[in-house]
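Spelled out, the chains give:
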Amino acid sequence: MNLSKPLKTALALLLMYAFCVLLFRFRRDGMDWGPALLIGLVAAPLALMLSWVSERLNGKGQRAGLRWRERRRSGSSG
């Protein structure tokens, strides 16, 4: 099944929201549904944003490492 990028993002956000709400509601010292739903509105986008930032930084680091290795390889053979 091919989904468009906005639809994938919306689906991921909805699933993360549901996960956060259930986590807050049913943890050991769980909270009521009202606060869990409200905190989930903040926690779900924040969790997805942090995940995106982490993936972006790791990707940049990997590309920088590849460039460094390539420069080192071409510099030592010349």
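Further up the page is the structure itself.
Anyway, here's the lowdown on the structure attached to this text. (Residues numbered from 1 in each chain as written. Predicted model: local features only at pLDDT ≥ 70, side-chain atom pairs only at ≥ 80, totals over all residues. Heavy atoms only, no water.)

**Notes on the overall build of the protein chain**
The condition that has to hold: Labels follow the DSSP assignment, with helices taken as runs of H or I lasting at least four residues and strands as runs of E lasting at least two, numbered in each case from the N terminus. Only the C-alpha atoms count toward the radius of gyration. The rule for a globule is 2.2 Å times the residue count to the power 0.38. Residue exposure (1.4 Å probe, protein chains only): buried if accessible area is under 20% of the type maximum, exposed if over 50%, otherwise partly exposed. We call two residues in contact when some of their heavy atoms are within 4.5 Å. Accessible surface is estimated by sampling points in the Shrake-Rupley manner with a 1.4 Å probe; for residues, cover comes only from the protein chains shown. Charge counting treats Lys and Arg as positive and Asp and Glu as negative, with His and both chain ends excluded. For the purpose of locating charges, the reference atoms are NZ of Lys, CZ of Arg, CG of Asp and CD of Glu.
Of the regular secondary structure elements, the protein chain holds two helices and zero strands. What you see for the protein chain is a C-alpha radius of gyration of 20 Å, clearly larger than the 12 Å of a compact globule of 78 residues, by over 25%. Along the first, second and third principal axes, the C-alpha set of the protein chain runs to 70 × 35 × 15 Å. Taken over 78 residues, the protein chain has a buried fraction of 12%. In the protein chain, the proportion of contacts linking residues at least 24 apart, taken out of those at least 6 apart, comes to 31%. By element, 65% of the accessible surface of the protein chain is carried by carbon and sulfur atoms, the whole surface being about 6700 Å². Within the protein chain, one finds 13 positive and 4 negative side-chain charges whose respective centroids are separated by 13 Å.

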